[in-house]
Amino acid sequence: MAGKKIIAICQLGGEFETEKDGSLLYKGGDAHAIDVDEQVTFNDFKTEVAEMFNCSISTMSLKYFLPGNKKTLITISNDKDLKRMIKFHGDSVTADVFVIIEEIVEPDVSNLPASRSSRTTLSEALPPVDAPLDVVEDIVDGTNHHIIPLGAPLDVIVDTNHVDVTIDDAQIELPAEISPILPFVGSNDEKHVKAAQQWQNTITGVGQRFSSVHEFRELLRKYAIAHQFAFRYKKNDSHRVTVKCKAEGCPWRIHASRLSTTQLICIKKMNPTHTCEGAVVTTGHQATRSWVASIIKEKLKVFPNYKPKDIVNDIKQDYGIQLNYFQAWRGKEIAKEQLQGSYKEAYNQLPFFCEKIMETNPGSLATFTTKEDSSFHRLFVSFHASLCGFIQGCRPLLFLDSTPLKSKYQGSLLAATAADGDDGVFPVAFAVVDAETDDNWHWFLIQLKSALSEYTCPITFVADKQKGLRDSIAEIFKCSFHGYCLRYLMEQLIKDLKGQFSHEVRRLMIEDFYAAAYAAKPEDFQRSIESIKSISLEAYNWILQSEYVNWANAFFQGARYNHMTSNFGELFYSWVSDAHELPITQMVDVIRGKIMELIYTRRADSNQWSSRLAPSMEEKLEKESVKMRNLQVLLSAGRTFEVRGDSIEVVDIDRWECSCKGWQLTGLPCCHAIAVLSCIGCSPYDYCSRYFTTETYRSTYSQPIHPIPDFDRPVQKDSSSQLAVTVTPPPTRRPPGRPTTKKIGSQDVMKRQLQCSRCKGLGHNKSTCKEPL
């Protein structure tokens, strides 16, 4: 059975044009359609395309766009790539495939890929270990890298130390191996010359001056690439550089040295003549990681997700140089630091950055602490607009949760978010800490209490009961309420249960658990946990010992408005995930920009509302109004009424209470209350919580967040100034392996166990069942 099938629209002969937004548009050429399914092999598909267009299969490459992304072309080079394309276009009937014809120039040497698997083969072409090598030091960004130029047809870079490398969020340790830079097969192709021709006159001759040794080295490297020859350093230090062509016997040579009393470097001698026939006999180029960074920096600015493998392909195509993955990755890291700034310097900017936040947004709180060794410990930020919005328009309800940071120095982000009148996420405060600990949560709550010093209402917190939050909330926010997060409770319940339960039994247990939590009356709560008891006595006892007065509606004293989990602020955490790889000051500023945009957008949207309540609350009130049609109200001389329907409920208009507890739990009149209000001629809108009105919603977003124009650390003239504090990065670094992801909901708990349709056993299916027929 073929499975999923799509129609590949193969196109040849056109050209790509770049649009203003960076997307690519293919114009012209011919097109033919081919049916493709998961059973078609790559070779068969490529052969059919070649026959259709009457072109050579050896010079043809196939590329396609990912759905919704017209900026990056994906190459199809094997069966897996072809199946991926079919999978990516699973919701589409067709897929555009672009046929690219590449000119092939016969190589003078084999063009082996620079990968770990090829290093054994490559080493055979290298001289023996005891062969003499000219070793020189190339200084890049203050780090020493030893370059060993060879007469063999390869440029080889050897690092004498082990290097910790992070590749796609996985850290590995590379041994001191040889990392070759190989020539591209078509290095003399016109497009390669065109890409580098801008550098042909970077070196003009004797008397040319440069601002530094570093500038001279960079321009010399570009000059060599443009003219297709390789060189080696004879002398290379901070005040003089002597370079000669790497080809044996070639007289090309250049010498530059510092002009006395200045930092300028001047070319003193130069022999511009090559006798090595240039690119005909040269087989490699000088390409350091800083050079890679300079090449990709502008593109990285436009495409922050520029992948190392794409960097390798682009530099090979544009400049004829074959990099390995590590060189591309390291070049990208250098370019990111040049664009974004240094991670280390960002920590040192924190004192000035906090001052800038409070200066540009008066009433905000931004503070940080360091450890005894001056390394970063924690940073707290709460903007005045967020504090005012919470105090003026949000329910006295805060959600506390955290998310891990995948930055260079790890850490966690702690956050307090609120719910606006339309049940939208409203960020109140957040902190960046070196680790999620009880002590850091305690410190976070102390800062939050300080920021909300003018707020006198008792606050209901929805948070995990672990992590020291139970004691800290009770100690810092006296007279407050702590509603345990159901998500964490449920995960802990499943984890603590020793018995093995089928998916169906586990599902029923979780349903009963949630029913117990949402039950408005004690008798309904008891009925639900009795149902759990019939499944597992251990689970029943666990619930009785879980302090259910802090999570069950029937007993909880605070006002949660039926919000039962602490991960309410997932929108906020998604902002963090978009910025977690930035230096800390930039990450905070990105979050500030997101909150600023959120406030402006929601304020503008609410100005268009004509209803008395926020839209989602209008919808909920309407649903309750529909339910009241079948209810019977028994009128009374007082303000207490009896309402009959599926059950008999008592409504107290003056106290805004109904015995069903729906009115008290949500802040909106329940169907019983609406029925009574309709009978006595009152409007349900007059009995809705003020937090849900359009007017209150607008006051939530009435205060703007102001930009922070420039937070570069100034030169400190007064060493005693508070801003002169030195902050260094925390000692933590990104660990090996793929970073952990934040759990959302209960996917891991609800994951279906494999069940055999033959024997009904768990952990296998019918095809692997060992039971006899």
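For clarity, every value in this text was computed on a predicted model and none was experimentally measured. (Residues numbered from 1 in each chain as written. Predicted model: local features only at pLDDT ≥ 70, side-chain atom pairs only at ≥ 80, totals over all residues. Heavy atoms only, no water.)

Draft legend 1. Seen up close, the overall build of the protein chain. Across its full length, the protein chain holds 24 helices and 30 strands. Within the protein chain, counting contacts between residues at least 6 apart in sequence, those at least 24 apart form 64% of the total. Approximately 38500 Å² of the protein chain is accessible, and the part contributed by carbon and sulfur atoms is 49%. (Helix = DSSP H or I, 4+ residues; strand = E, 2+ residues; numbered from the N terminus. Contact = heavy atoms within 4.5 Å. Areas by Shrake-Rupley, 256 points an atom, 1.4 Å probe, with all protein chains shown as cover.)

Draft legend 2. Region of interest: the environment of E530. Positionally, E530 belongs in helix α16 (residues 522–535). The exposure class assigned to E530 is partly exposed, which follows from its relative accessible area of 35%. Separated by 14 residues in sequence, E530 and A516 have C-alpha atoms that sit 9.7 Å apart. Of note is the side chain of E530, whose polar atom sits 2.9 Å from the side chain of Q526. (Buried < 20%, exposed > 50% of the residue type's maximum accessible area, 1.4 Å probe, protein only. Polar contact = N/O pair within 3.5 Å; in protein donor to acceptor, adjacent residues only side chain to side chain.)

Draft legend 3. The arrangement of the pairing of strand β5 (residues 60–65) in detail. Burial analysis of β5 places six of its six residues in the buried class, which makes it a mostly covered element. Neither face of β5 is open: one carries M60, L62 and Y64, the other S61, K63 and F65, and all of them are buried. In terms of strand pairing, β5 meets strand β7 (residues 94–101) through five bridges, oriented antiparallel. In the sheet register, K63 faces β7, and the bridge partner there is F98. Sheet topology note: the β5/strand β6 (residues 73–76) ladder contains four bridges and is antiparallel. By the bridge assignment for β6, F65 is matched with L73. (Pairing = 2+ DSSP bridges.)

Draft legend 4. Up close: the side chain of R395. When you line up the elements, R395 lands in the loop between α11 (384–393) and β22 (397–404). Given the relative accessible area of 2%, R395 is considered buried. Ignoring any residue separated from it by four or fewer positions in sequence, one finds R395 in contact with F390, A419, D420, D423, Y561, H563, M617, Y691 and F692.

Draft legend 5. Quick peek at the nonpolar core. Within the largest apolar cluster, 85 residues are counted, with the highest numbers of intra-cluster contacts made by F390, L400, L413, F444, L448 and F572. Ranked by the residues each element gives to this core, the list is headed by strand β24 (residues 425–433), at eight residues. For F444, the residues in contact, after removing those within four places along its chain, are F380, L400, L414, A415, A416, A429, F430 and A431. Core analysis: the second largest hydrophobic core is formed by 25 residues, L493, A516, Y540 and I543 among them. (Core = buried A, V, L, I, M, F, W, Y, C linked by side-chain atoms within 4.5 Å.)

Draft legend 6. Inspection of the sheet that holds strand β15 (residues 231–236) at higher detail. Ordered by their spatial adjacency, five strands build an open sheet running β14-β18-β17-β16-β15, and the pairing between neighbours is antiparallel. The open sheet has two free edges, formed respectively by β14 (209–210) and β15, since each of these has just one partner strand. Running over the sheet, helix α5 (residues 213–226) touches β14, β15, β16 (240–245), β17 (253–258) and β18 (265–271) and is turned about 160° from β15. (Axes fitted to C-alpha atoms, helices over the stretch in contact; angles between N-to-C directions.)

Draft legend 7. Molecular detail of a negative patch on the surface. Residues D35, D44, E48, E51 and D79 make up a contiguous surface patch of negative charge. Element by element, the count of residues in the negative patch is highest for helix α1 (residues 42–53), at three residues. The exposure class of D44 is exposed, given its relative accessible area of 51%. (Patch = residues over 30% accessible without salt bridge, like charges linked within 9 Å, V, L, I, M, F, W, Y side chains within 5 Å. Salt bridge = Lys/Arg side-chain N within 4 Å of Asp/Glu carboxyl O. Lys, Arg positive; Asp, Glu negative; His and termini not counted. Charge placed at Lys NZ, Arg CZ, Asp CG, Glu CD.)

Draft legend 8. Expanded view of the packing of aromatic side chains. With the rule as written, the count across this model stands at 34 aromatic pairs. On the numbers, 6.4 Å between centres and 20° between planes, the contact of Y514 with Y518 is stacked. Taken together, the residues span about one helical turn, with Y514 and Y518 both in helix α15 (residues 503–518) at a distance of four residues. In this structure Y514 comes out as partly exposed when scored by relative accessible area, which is 24%. (Phe/Tyr/Trp six-rings, centres within 6.5 Å; stacked < 30°, edge-to-face > 60°.)

Draft legend 9. Spotlight on the pattern of salt bridges. The final tally for this structure, using the stated rule, is 22 salt bridges. Residues E624 and K627 are paired through a salt bridge, measuring 3.2 Å at the closest nitrogen-oxygen approach. Residue E624 and its partner K627 are both found in helix α20 (residues 615–627); the two are separated by three residues, about one turn of the helix. Put simply, R395, D423 and K620 are held in one network by salt bridges that share partners.

Draft legend 10. How the structure looks around the sheet that holds strand β28 (residues 640–644). Judged by pairing direction, the sheet is antiparallel, and its four strands sit side by side in the order β27-β28-β29-β30 without closing on themselves. Where the open sheet ends on each side, the last strands, each with one partner, are β27 (632–634) and β30 (657–658). Relative to β28, β27 runs antiparallel, the two sharing three bridges. Its bridge partner being in β28, Q632 is matched across the sheet by R644. Its contacts with the sheet place helix α22 (residues 671–679) against β27, β28, β29 (648–652) and β30, and it is angled at close to 60° to β29.

Draft legend 11. Fine view of α11. A large share of α11 lies buried, amounting to seven of its 10 residues. Of all the positions in α11, only A385, S386, L387, C388, G389, F390 and G393 are classed as buried.

Draft legend 12. Summary view of the packing of α15 against α16. At a closest axis distance of 8 Å, the pairing of α15 and α16 adopts a crossing angle of 160°. Classified by the angle between their axes, α15 and α16 sit roughly antiparallel to one another. Considering how the two elements wind past one another, α15 and α16 form a crossing that is left-handed. When α15 is examined against α16, the residues V505, L508, M509, D512, F513, A515 and A516 are found in contact with a partner set consisting of F525, S528, I529, S531, I532 and I535. Considered class by class, the residues forming the contact of α15 with α16 number 10 nonpolar, two polar and one charged. (Parallel < 35°, antiparallel > 145°, perpendicular 65-115°, else oblique. Left-handed = near helix turned anticlockwise from the far one by under 90°. Nonpolar A, V, L, I, M, F, W, Y, C, P; charged D, E, K, R; others polar.)

Draft legend 13. Main features of the side chain of S472. As for its position among the elements, S472 is in helix α13 (residues 469–476). Judged by relative accessible area, which is 5%, S472 ranks as buried. Of note is the side chain of S472, whose polar atom sits 3.1 Å from the side chain of H442. Sequence-distant contacts of S472, defined by excluding residues within four places in its chain, comprise H442, L445 and F477.

Draft legend 14. Representation of the packing of α16 against helix α17 (residues 537–544). With their axes 6 Å apart at the nearest point, α16 and α17 run at an angle of 145° to one another. Of α17, the residues touching α16 (which contributes F525, Q526, I529, E530, I532, K533 and I535) are L537, A539, Y540, I543 and L544. Of the residues in the contact of α16 with α17, the class split is nine nonpolar, one polar and two charged.

Draft legend 15. Spotlight on the confidence of the model for the protein chain. Per-residue confidence for the protein chain gives a mean pLDDT of 78; residues scoring 70 or more make up 78%. Averaged pLDDT values for the elements of the protein chain fall to 31 in helix α3 (residues 119–123) and rise to 96 in helix α23 (residues 694–700). Contacts of residues 103–189 to residues separated by more than four positions or lying in other chains number 173 contacts, the stretch itself having pLDDT below 50. (pLDDT = per-residue confidence, 0-100.)

Draft legend 16. Main features of the pairing of strand β23 (residues 412–419). When you tally the buried positions in β23, you get eight out of eight residues, the bulk of the element. Going residue by residue along β23, you find S412, L414, A416 and A418 tucked away on one face and L413, A415, T417 and A419 tucked away on the opposite face as well. Sheet analysis places β22 next to β23, joined by six bridges and oriented antiparallel. Across the sheet, residue P404 finds its bridge partner in β23, namely S412. Note that β23 and β24 share eight bridges and pair antiparallel. If you follow A415 over to β24, its bridge partner there is F430. Here β23 folds back onto β24 in antiparallel fashion, the turn holding five residues, of which D423 has a positive phi close to 60°.

Draft legend 17. Broad picture of unusual backbone geometry. For S374, which is not glycine, the phi torsion reads 70° and is therefore positive. Using a relative accessible area of 28% as the deciding quantity, one classes S374 as partly exposed. Even without being a glycine, W656 presents a positive backbone phi close to 55°. If you trace the backbone, W656 turns up in the loop between β29 and β30.

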